[in-house]
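# Descriptive analysis of the structure
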Amino acid sequence: MNEEEIRGKLLLPYLHDLGFDPSEISLEESFSIKFGKSKRTINGRSDILCKRNGKNLFIIELKNDSISISQEDIDQGISYARLLTDNIAPFTIVTNGKITKIFDSISRDELTGTNIAKQSSYWQNDCTLSMDTDLQIRYEALKKFVSFSSVNLKRFCEDQVQDRMGTIIGDIDKPYAKFVQKLYVQRQGLENTFDDFIRSKASIFGIVGAAGVGKTSAMCSLVLKKLETEFVFFYNAAIINKSPLEHIAQDLNGFFSSRSESDVVLKKLDELGRFLNKTILIFIDAIDESTDSNLSIELSEMALAVRNLEKVKLCVSCKSNIWSALLKRNDTPTYLFEELRKSHPIISSVENCPGLLLDNFSDEEIHRIIPLYREVFGFKGQISTSVFEALRNGFFLRIFSEVYSHRNIPEKINDRQLIRRYIQLSLEKTSLDYQYGLRILSKIGKVLLDHTYSSQDAYHDDGISVEHLMEKLAFSLSETIPEDLFTRNLLIKSNKHDSYNVSFYYSKIRDYIICFHSFQLDKLSDQAFYDLLDKFYENHIGQSAISFYVDNASSSHQRTMISFKKDKALQYVNSYTIYLEKHFNNFKSKFDPYTDGAIGIYLPEDVLHKNGYALFRLPSHSQPKVQFEQIGDLFSSGYDYLFEKGVDTIHSSNHALLSPNQDKTIRKNIFEQLKKLIEKGSLSVYNSDSLLLEQVSAILYYYSKELQQNSKFDDYYLPRFNLIFPIDLQDVKKRAYQFRVREYYRREYHLNPKERSELIGNALNGHIDIPRLNIMGDFPPIEELEKIVDILLKRGYTEIKEHFLPCPDISIQEVKAISEGERRLEMSQIRTVQFSEKQGKLYIESFLKHFDDSYRAFVEFCFPTFKEQFPFYMTGPHEYFVYMKDTVVLKWGMLGYRQSISQEVNVHFRKMRSPDEPFPSEETDILHAFSLDHIIHNDDYPLLKTIDRINTPKVDEFCVLRNWVYKFIKRDMQKLFKENGE
């Protein structure tokens, strides 16, 4: 007999004879098991469930009488008994009509004899178990059940996915559906990349992208694909309110406690995966939209846990502007970051975070997608090139398709009409009144525009905190932002560490609301519009909105916009010039556009739509300062062309010009340039004789060959400057001129050697004026030498008898003997042992006195209007305290200083104290590491350039006085840089 015959002819009559009422007997079509968090009907087997007094009593597993009872049959019957809703059936019966076996569903023992009830402790205990035992038994049953067939596993996963995807998957007539399967085209390379990830040892996969590029659709597609082969869980982070692991436990609440520790849940999942030989894939979509403030930490802990598991993998999706905030805590990468790094490259455009970046549709993708949308939505006509490009964004394509459903497509999309119609359609599909919904959006738009954002806020562009928004909306405690505005993708939530932010889902919707509802720009007069424009340039929200408005504005408002930009550009260039001339006039030519003369500004010819600006050297004060380049796009022209017009730097954005606080923007611009000048050592001063003499000595020492002087100096890792003295400045000037003449004619490539020689001779004999060479890079700094010599001659110097600092007094032979005789000396020691103790002290004393004077001269020349904000300058002249180990200046020590009581520079030498020994009250507690080598040689890397735009590494290495001045200048300017926009 088959199962049906055994059931109908033998078992049911027998059960009736035993006294079971038909209501106490459930057949396979009508009884349920606990399947995850839901009840599911059993299908596919001839099974019977019997109850008594409302409780499950036993389950009967039927087999054909020609088939022997197998262990699998026994396991299947016991699994059904254990998975039943309400209580576990205490007994499992397996029969083929000939042989009948009875089992304890808890212990799995076979029961024999006439009093089997007493053999079951579970039955004796009124069918109750401890929670832990119940969970363990149901967990074992789940493993067995899903292993019996791929159908069971697939059904389990399908049920979980269907429950969790909810409204985000559906057809186009469902207003909240984000994923419509018949409209989806697999993104290029995504599936192959994901398959590679599954085969790899990596544990985390991350999909990132801007709003509207299709992250949710990509996730849903992968989920449905992997349902066929893997054990899949899916969660929409936007609508879960606790840890993902708590939701997993909830979905399996017949098997895991909802309060199980995260590592326990994951380990059990891994055990399940190994038992089934299936990968457990946990998909969590839109983690940026979660309102769980601890999500970043929870995901990091999940990443830490799964890194050591064999079968559990995690896939998340997130908006790119929130990605970094979720992968880092206080700028420190989380475990999630570290694990993602194993499966993804770093994305520079997403703050150097790892992930798979999903962008707008490629050419191939959009050509495959458009026909699908056309068929489903029924829009008619040809799509123009401009419209086609706009549709590359998935969200915009959906808006377009809904608005033009069964309508003709226009030649050009009118963003204003398109978005207005979309908002109308969206609100009509909600329970909200259209006007009420529009008023809420309008108020939110105004709050966003009025808000003050940090540069970090502007970069992430993820809205403002819900608490701040509710406060500004003046909602009562019982009022909330309607959830329909989020589910219809008009607004979006973004996860923050302790709350969540609210912003518009799509920037064009935000811009439309702000322009045409929050501020109603289209109803303003030209003057009122002009007066309001400053407000729109206070932050990135307003800038985006006004750019949107320009294309939809009246011609009158467009002309007003052009006038506003021109006026702001003129204001900017005037203020920029005034600030430079007031504060940095001595080196104004070091700033963009590198001129001591007048400055003008170029705007693009199509200033209404094009961005950017460029400062240029204005040839004449009579010419207009604001000019428009006669090119379509300022940034597509050749650099040479712009350079010829006096441009050195092109700025890609003109928002700096349009800012209502131009003074702050100008200071920020100038101080950014100034900081680079300081860092490179690009400022040269000519009012300090010490700095000039240092440069003359170094150039003459290292470029004597180019000046046709003796170039064979005997030194040992330290220049012996005494070898070039005395210096006849007139002779140096003559040699420098001769060098320039030779170099000038050497570059006249059309001359033959004889002609070149004659021209050089004539120039030298006739003292012909030769143009400056203005050569950069690897070239002898002779022109700078010539300039310095002229300055010194004007100050009365004719012959310099000796170096302004004491020179080494230990002979080269003695130094080499010391170096070779003792243990191998470090380079710094080789340099310092070239000074005797006495000479070393003289050098330190002389250096510090020259440094004090040089620093003061440098500040007064370069920063006359800021000098009172330089702490070291304001405490000068100084007394210096040199604390040396064992009072030996050739060793290491510390340097301190204070304002000089005598108003003269003094240097004191002291023995180094122990760390616990207090300093005398009259001395200083400001100390810096110090050694003699610090002031005879520069070892900073990269070396500070001595001569701007000329590479002179050896000169740079030994212009130590200049280097020390720059060190203290950098230290003194930290506050200024911070106050002016650093």
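Here, the structure is the one placed above.
So, here's what we can say about the structure.

The rules behind each value
Residues numbered from 1 in each chain as written. Predicted model: local features only at pLDDT ≥ 70, side-chain atom pairs only at ≥ 80, totals over all residues. Heavy atoms only, no water. Phe/Tyr/Trp six-rings, centres within 6.5 Å; stacked < 30°, edge-to-face > 60°. Buried < 20%, exposed > 50% of the residue type's maximum accessible area, 1.4 Å probe, protein only. Lys NZ or Arg CZ within 6 Å of the ring centre and 35° of its normal. Helix = DSSP H or I, 4+ residues; strand = E, 2+ residues; numbered from the N terminus. Arc of directions from axis to C-beta. Contact = heavy atoms within 4.5 Å. 1 Å grid on protein atoms, 1.4 Å probe; cavity = no way out; pocket = protein on both sides within 12 Å on 5 of 7 lines; lining within 4 Å. Points joined across faces, edges and corners; volume = space filled by probe spheres on them. Core = buried A, V, L, I, M, F, W, Y, C linked by side-chain atoms within 4.5 Å.

## Side note on the packing of aromatic side chains
Within this structure, the stated rule accounts for 58 aromatic pairs. Centre to centre, the rings of Phe400 and Tyr404 are 5.1 Å apart; their planes meet at 50°, and the pair counts as tilted. Residue Phe400 shares its accessibility class with Tyr404, and that shared class is buried. Members of the aromatic cluster, each reached through a chain of ring pairs, are Phe835, Tyr843, Phe847, Phe851, Tyr855, Phe872, Tyr880, Tyr897, Phe930, Trp964 and Phe968. Geometry around Phe909 places Lys841 over its ring, the cationic atom sitting 5.3 Å from the centre. In this structure, Arg971 is placed above the aromatic ring of Phe968, and the distance from its NZ or CZ to the ring centre is 4.5 Å.

## As for helix α32 (residues 812-821)
Here α32 has its buried residues at Ile812, Val815 and Ser819. One side of α32 holds all its buried residues, which, seen down the axis, span an arc of 65°. Exposed residues lying more than 90 degrees from the buried face of α32 are Gln813, Glu820 and Gly821. Check the buried side of α32 and you find it contacts α33 (827-832).

## Some details on empty space enclosed by the protein
Scanning the model with the defined rule gives 5 cavities of 30 Å³ or more in all. Looking at the largest cavity, it is lined by 37 residues, and the ones nearest its centre are Lys178, Gly214, Ser217, Gly394 and Phe395. Counting only elements with at least two residues in the lining of the largest cavity, the list comes to α7 (215-226), β12 (312-319), α13 (363-377) and α15 (394-403). Counting residues per element, the lining of the largest cavity draws most heavily on α15, which supplies 5 residues.

## Side note on the nonpolar core
Ranked by size, the top nonpolar core spans 182 residues in total, and within it Ile481, Ile509, Phe584, Leu674 and Phe863 carry the most contacts. Ranked by the residues each element gives to this core, the list is headed by helix α34 (residues 837-862), at 10 residues. With near-sequence residues (within four places) excluded, Phe584 lies in contact with Tyr579, Phe591, Ile670, Phe671, Leu674, Cys862, Phe863 and Phe866. Formed by 71 residues, the second largest nonpolar core is a distinct cluster that contains Phe194, Leu227, Ile280 and Cys318.

Don't take any of this as a statement about function, it's just geometry.
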